[in-house]
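Breakdown of the fold
One-letter residues, chain by chain:
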Amino acid sequence: MYVYDSIDKSLLNQRVAEFRDQVRRRLDGELTEDQFKPLRLMNGLYLQLHAYMLRVAIPYGALSSDQMRKLAYIAETYDRGYGHFTTRQNIQYNWIELSTAPDLLYDLSEIDLHAIQTSGNCIRNVTADPYAGAAADERDDPRVWSEIIRQWSTFHPEFSFLPRKFKIAVTGADADRAAIKFHDIGLKIVHDDAGELGFEVYVGGGQGRTPIVAPLINSFLPAKDLLRYLDAVLRVYNRHGRRDNIYKARVKILVQSLGVEAFKSQVDAEFGLLDPVLLAVDDEEVSRIREMFALPFLRADEIAGVRLEETFAESPDLRLWSESNTHAHKTPGYTIVTLSLKPIGGIPGDATAEQMYAIADLADRFSLGEVRVTYTQNLVLPHVRQADLFVLWSELDRLGLATPNVGLATDIIACPGLDYCSLANARSIPISQRISERFADLESQHDIGPLDIRISGCINACGHHHAGHIGILGVDKKGEERYQLTLGGQGNAESAVGKIVGPGFDEDGIVDAVETIVSTYLTIRTAGELFSQTLERTGHAPFKERLYDRG
Amino acid sequence: MTVVNIQGEVKDQLWRSVEVGEESGSLESAIVSLSTLKEHFDASDQSSLSRVGVRLTVEDDVNEIVEYAPHLGLIELVFSQFKDGRPFSTAVTIRRDYGFAGDLRASGDILPDQALFLVRCGFSTIAVPPQFSVEQFKASLAAYSVAYQAATDSHVSLVSDLRRSAVEVAAE
């Protein structure tokens, strides 16, 4: 794990002091709300429907057990005893008082946490593969590069008042678990023919009202030039991105309007002007950071998997859970465990303070003190011995964190929606709860197989509905909540934007419609065919027929 | 109008702002619009240019001052709104690519909380908006002692250099 040194700590302490002063000036009336707004937003503080909401940054989705304990403490002390893990791998607290927010940020700073750049028109908290440093299919640890980007982007003097927010995601594996092509910049770690480390650079992806899969603008950026290139992209965007219309201000619009080639040549021209030495990624700094992420020696255990098979024979429930909630670790004998924050009928991504404390303890016992947050709103223990799986599973089950549904129908992504958010047009959480209850039966969920249902309460698409196999978008139609249905999105390496099927539904209708789609799939699938494959083979037609031809 | 330097100290007013249509008489020590600059001055007239300043809005094309920049006495970048961060990038371009070494001034709608960012992007003076005090700007400029990234200013260096010197200090 990255550990703050005196320089990181100075910067963070100075930020806490600065924000305390800004809040005092606001409460004293020295600052108007309009002047205070961009300042509080750069500290992750939003004014929502019922209260202030604070979004705490979880850098590249990685937490230590002590940091998780602090998040639990914050939930208990400043909120109503729970927190909400988001599709940006962050955590949000929904019931915050402005006057105590500076104390909250001070408490977070004691454990190297903060809310810097979790909102506002700046470079947001960088996100990455939640299996970083653990996955068998990883080329290089994306946290190393994410940390370098975190430092470079923190209080960047030139790029803190951009046309719009700017999100960067990094993956070190081909199986994209960070949805990099739906970000303003997506970075995939690759090697060139000579074995040198570098990045594929995708620019101008995003969701919202104009969903776009980011085009590749550089097929090999040497790692040393990473910051110089990011600098060039950001400068072109800051100078030429639109500022006249908030809906056309993201970099994706600039890339589309200039054309990929023209955008790329502007970036290249800017890149050429930048000092290659001054902005070079420092080898010593990379080594310093890399060492902090290095794992202790893990003894490979080739037969643990065989023994686990024997345990499965005695405990079919463990097998079921293991099938959906674990993933291959790079060291034989270890596994990556996902803790489902999607209990049947629950609120996706919510965790209570008690659960967070317990997860921190389990991380210490079973996962080298590490926890990760996924953009699909679950938590991960990245380094679990297969020999410990049964005990861990029993503990998780007791805590309500062992729902065996990761990647399945009830592992629904949902934004906070109209229950909390001042931007929302419709509720998301109750829809996800009802769909979850509809598909509660575990055996049938496992029979249905991988199915990605995602719900957003407005076109800003925080619930990533464009990228769901089944996407649901809440809209306001003459004062009534209606739900549009899209099919065919993909949030993985295949990245695709779903298409609208037909007229929308009301609250009851959308739950039935999702069931109709799934039952249609079960009827028409060929042996072993996944939902996304069936959809690709048949297109919308058979689904549409069942959804709308009821006469 | 009060102008402060990068330490937040008040600077004597050596320059006066001349609006479009008011260019009668000498333009010595005047800050003029881009159109006035182009109309009244030749880019090769180095000695006159050193005693004139140009004011650029976010709508002006900064490329039009390339020829003038190395010789100008002052360049003022006007923030139309504090949220519009284009002048930060324009400042970097002017300092780094246009070889401008004179007074680079920020004016317009600026928050005290942006002061350090301005300085780090190469601004040398800031026109304090009437609703804020010099003290607020001074405090904001002193709020941070370290920074993570290399920038156009010289008083904060790259964090990797900072780390090295911290290690050296500890070793001594």
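Residues numbered from 1 in each chain as written. Chains lettered and ligands numbered in written order. Predicted model: local features only at pLDDT ≥ 70, side-chain atom pairs only at ≥ 80, totals over all residues. Heavy atoms only, no water.

Along the backbone of chain A there are 18 helices and 20 strands. A compact globule built from 551 residues would reach a C-alpha radius of gyration of about 24 Å, and chain A, at 23 Å, matches this within 12%. If one aligns the C-alpha atoms of chain A with their principal axes, the spans along those axes are about 60 × 60 × 55 Å. Sorting the 551 residues of chain A into buried and exposed places 63% on the buried side. A separation of at least 24 residues holds for 67% of the contacts in chain A among residues at least 6 apart in sequence. Total accessible area on chain A is roughly 20100 Å²; 50% of this is exposed by carbon and sulfur atoms. For chain A, the centre of its 58 positive side-chain charges and the centre of its 77 negative side-chain charges are spaced 6 Å apart. (Helix = DSSP H or I, 4+ residues; strand = E, 2+ residues; numbered from the N terminus. Rg over C-alpha atoms; globule rule 2.2 N^0.38 Å. Buried < 20%, exposed > 50% of the residue type's maximum accessible area, 1.4 Å probe, protein only. Contact = heavy atoms within 4.5 Å. Areas by Shrake-Rupley, 256 points an atom, 1.4 Å probe, with all protein chains shown as cover. Lys, Arg positive; Asp, Glu negative; His and termini not counted. Charge placed at Lys NZ, Arg CZ, Asp CG, Glu CD.)

As a further point, take the pattern of salt bridges. Summed over all chains, the structure comprises 59 salt bridges over all chains. Across the salt bridge formed by Asp141(A) and Arg143(A), the nearest N and O atoms sit 2.6 Å from each other. Like Arg143(A), Asp141(A) is buried. In this structure, the salt-bridge partner of Arg228(A) is Asp225(A), at a minimum N-O distance of 3.9 Å. For Arg228(A), a relative accessible area of 11% corresponds to the buried category. With relative accessibility at 16%, the residue Asp225(A) sits in the buried group. Within this structure, Asp21(A), Arg24(A), Arg25(A), Asp28(A), Glu30(A) and Asp113(B) form a network of salt bridges that share partners. (Salt bridge = Lys/Arg side-chain N within 4 Å of Asp/Glu carboxyl O.)

The next point concerns the interface of chain B and chain A. With 37 residues of chain B at the contact, the number on the chain A side is 42 residues. Together, the buried faces of chain B and chain A total about 3500 Å²; carbon and sulfur atoms form 55% of this surface. Considering only the surface of chain B that becomes buried against chain A, Tyr144(B), Tyr148(B) and Arg163(B) emerge as the three largest contributors, covering 22% of it. Of the charged contacts in the structure, one is a salt bridge between Asp34(A) and Lys83(B), with a shortest N-O distance of 3.9 Å. There are 17 residue pairs in polar contact (both at pLDDT 80 or more) connecting chain B and chain A. For the side of chain B that touches chain A, the elements supplying multiple residues, two or more each, are α3 (86-96), α4 (115-120) and α6 (159-171) of chain B. Examining the composition of the side of chain B that touches chain A, we find that six residues originate from one element, α3(B), more than from any other. Looking at the side of chain B that touches chain A residue by residue, the classes come out as 19 nonpolar, nine polar and nine charged. (Buried area = accessible area lost by both parts, 1.4 Å probe. Polar contact = N/O pair within 3.5 Å; in protein donor to acceptor, adjacent residues only side chain to side chain. Nonpolar A, V, L, I, M, F, W, Y, C, P; charged D, E, K, R; others polar.)

All names here are of chain A. On the basis of which strands lie adjacent, the open sheet formed by five strands has the order β16-β17-β18-β19-β20 and mixed pairing. Of all strands in the sheet, those with a lone pairing partner are β16 (413-414) and β20 (499-500), marking the two edges. Bridging between β16 and strand β17 (residues 453-456) involves two bridges; their strand directions are parallel. What sits directly across from Ile-413, in β17, is Arg-454. (Pairing = 2+ DSSP bridges.)

The next thing to look at is the domain arrangement of chain A. All names here are of chain A. Splitting chain A by domain gives domain 1 (6-109), domain 2 (142-285), domain 3 (314-398) and domain 4 (413-548). Computed from C-alpha atoms alone, the centre-to-centre distance between domain 1 and domain 4 is 33 Å. Each partner contributes residues to the interface: domain 1 has 10 residues there, and domain 4 has 10 residues. Here domain 1 meets domain 4 over a buried area of about 780 Å², counting both sides, of which 55% is carbon and sulfur. Counting the surface domain 1 buries against domain 4, the share from its top three residues, Gln-48, Leu-49 and Thr-87, is 57%. Our enumeration of links across domain 1 and domain 4 arrives at zero salt bridges. At the junction of domain 1 with domain 4, the criterion picks out five residue pairs in polar contact (both at pLDDT 80 or more). Broken down by element, the side of domain 1 that touches domain 4 gets its largest block of residues, three residues, from strand β5 (residues 91-96). Residue composition of the side of domain 1 that touches domain 4, grouped by class: four nonpolar, six polar and no charged. (Domains from an automatic or database assignment.)

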